[in-house]
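What follows is each chain in one-letter form.
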Amino acid sequence: MVSTFPSLNTIDLSRIRLTIRNLQPQLVEWRRRLHQKPELGFQEKLTSAFIAEKLQEWGIEHQTGIAQTGIVAIIKGKKTGSQKVLAIRADMDALPIQELNEVPYKSQHDGLMHACGHDGHTAIALGTAYYLQQHRHNFSGTVKVIFQPAEESPGGAKPMIAAGVLKNPDVDAIIGLHLWNNLPLGAIGVRPGALMAAVECFDCTIFGKGGHGAMPHQTVDSVVVAAQVVNALQTIVSRNVNPIDSAVVTVGELHAGTKRNVIPDTARMSATVRYFNPELTGFFQEKIQQVISGVCQSAGAKYDLKYWSLYPAVINDVGMAELVRSIAEEVVETPLGVVPECQTMGAEDMSFFLQEVPGCYFFLGSANPSKDLAYPHHHPRFDFDETALGMGVEMFVRCVEKYLGGAD
Ligand SMILES: [Zn+2]
Ligand SMILES: [Zn+2]
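Before going into details, it helps to say that this report is about the structure given with it. (Residues numbered from 1 in each chain as written. Chains lettered and ligands numbered in written order. Predicted model: local features only at pLDDT ≥ 70, side-chain atom pairs only at ≥ 80, totals over all residues. Heavy atoms only, no water.)

### As for the coordination of the zinc ion (ligand 1)
Stage number 1. At this site the zinc ion (ligand 1) is bound by Cys116 (SG), Glu152 (OE), Glu152 (OE) and His378 (NE2), with donor distances of 2.0 to 2.8 Å.
Stage number 2. For the zinc ion (ligand 1), the four donor atoms in the first shell make angles of 51 to 147° at the metal, so the coordination geometry reads as irregular.
Stage number 3. Along the chain, the residues that donate to the zinc ion (ligand 1) are spaced as C-x35-E-x225-H.
Stage number 4. The zinc ion (ligand 2) is placed at 3.1 Å from the zinc ion (ligand 1), the two being bridged by Cys116. Of this pair, Cys116 sits in the loop between strand E3 (85-91) and helix H3 (118-134) while His378 sits in the loop between strand E16 (359-367) and helix H9 (387-403); the two residues are 262 residues apart in sequence, bridging distant segments of the chain.
Stage number 5. Residue class for His378 comes out partly exposed when judged on its relative accessible area of 37%. (Donors = N, O, S within 2.8 Å, 3.2 Å for Na, K, Ca; no water. Tetrahedral: all angles 85-135°; square planar, octahedral: opposite > 155°, others 65-115°. Helix = DSSP H or I, 4+ residues; strand = E, 2+ residues; numbered from the N terminus. Buried < 20%, exposed > 50% of the residue type's maximum accessible area, 1.4 Å probe, protein only.)

### Comments concerning the coordination of the zinc ion (ligand 2)
Tetrahedral coordination by four donors sets the ideal angle at the metal to 109.5 degrees; octahedral coordination by six donors sets it to 90 or 180 degrees.
Stage number 1. With distances of 2.1 to 2.4 Å, the protein atoms coordinating the zinc ion (ligand 2) are Cys116 (SG), His118 (NE2) and His178 (NE2).
Stage number 2. As a motif over one chain, the donors of the zinc ion (ligand 2) read C-x1-H-x59-H.
Stage number 3. Note on His178: relative accessible area 2%, which makes it buried.

### Digging into unusual backbone geometry
Stage number 1. With an omega of 0°, the peptide bond between Ser153 and Pro154 qualifies as cis.
Stage number 2. Among the secondary structure elements, Pro154 is positioned in the loop between strand E4 (142-148) and helix H4 (157-162).
Stage number 3. Omega for the peptide link from Asn168 to Pro169 comes to 0°, which places this bond in the cis form.
Stage number 4. Topologically, Pro169 is positioned in the loop between H4 and strand E5 (173-184).
Stage number 5. The phi angle at Gln68 is positive, at roughly 75°, despite the residue not being glycine.
Stage number 6. Tracing the chain through its elements places Gln68 in the loop between strand E1 (61-66) and strand E2 (70-76).
Stage number 7. We classify Gln68 as exposed; its relative accessible area is 56%.
Stage number 8. Unlike most non-glycine residues, Asn168 shows phi in positive territory, near 50°.

### Description of the nonpolar core
Stage number 1. Among the nonpolar cores identified, the biggest contains 68 residues, and Leu55 and Phe147 are the most heavily contacted of them.
Stage number 2. Broken down by element, this core gets its largest block of residues, ten residues, from H9.
Stage number 3. Contact partners of Phe147, with chain neighbours within four places excluded, come to Ile51, Leu55, Gly70, Ile71, Ala90, Met92, Thr122, Ala125, Leu126 and Met160.
Stage number 4. In this structure, Val72, Ala87, Ala187 and Cys342 belong to the second largest nonpolar core, which totals 31 residues. (Core = buried A, V, L, I, M, F, W, Y, C linked by side-chain atoms within 4.5 Å. Contact = heavy atoms within 4.5 Å.)

### Considerations on the environment of Gly117
Stage number 1. The topology assignment puts Gly117 in the loop between E3 and H3.
Stage number 2. Spatially, the C-alpha atoms of Gly117 and Phe147 are 14 Å apart, while their sequence positions differ by 30 residues.
Stage number 3. Other than its neighbours up to four places away in sequence, Gly117 contacts Leu179, Phe382 and Phe384.

Listed below in structure tokens is the structure:
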């Protein structure tokens, strides 16, 4: 996909207002500073101290230490009219990856890296807060900027909601973005309905009866049972799920045995399950349990299954997606422009916010192959075109001004 991107040498940034274009050097500086000090989920101490320091400096009311390292900033518009509350969500955490980029702003924390772009999300949210604070006369109501920990895992959205970030004042709608190297710089991926998948996981141990590889009749071969289970699981998506619904069952780990002539007692597997349609909630857990139970029973094996749900699907509200789409069309003017075909089986805990209030999560294209900035997310050489930072601020600011337009 990356190789089919159009040339980006002539990207038109004229639709980004001058004040935000002038903020670009700061956005890059903040992003690079954050990039050099990546921190894992719920350990974003330096990151959150940096955010708090900036908010303090700009006189923006904020609360720190929410769900450990989370921050919420509150900016009240000066226009009269609608007193609605719009939230903007950014995540702050990095990944346990050793960075392989040789750049001046390379990670200084051994084994840790901002390989998903959350450093950029934080910089965009900071830039948005700064701009809105300076331009409060352009909107009514309230903007809450939510800096969330631990998106990668184990998930910071849920504890932040539990801590009340959507209350007092109560949030009416929420928006958020992900810098996206699956789209070129200048494209924005937005669509109503499902954008990202629900993710569930399971670990299963199969207990057979070990023995000599030459005398299988004396054993219950856990390897053969596990192989049959893996095969049988493939029919769940192909035969039980409506073909109109997309879903994935991937067994990514399978472990058994120590020696070629020994039939092992046990085999272990770990898997991930993905789907968009919320009506499938609970279906895979039940079906997978049935398949494993049936195969094990027929072979005389036993099993232990641990199944859990990680994140629900990211479902965009129709009205909010239309708001973001209309603004994306104002902000970008490139051959690809606004891309509704941007669904991914990737997952995001933004979904928990979207279960609480209507909102829209969207992808901000950030790949630029002409600058060698097109590695996939979570790759040790991931990096993005920082031009996208200003575009992100422009998107958020325009969303605020349209949603909280108020009276002149
Ligand atoms: Zn990620
Ligand atoms: Zn991410």
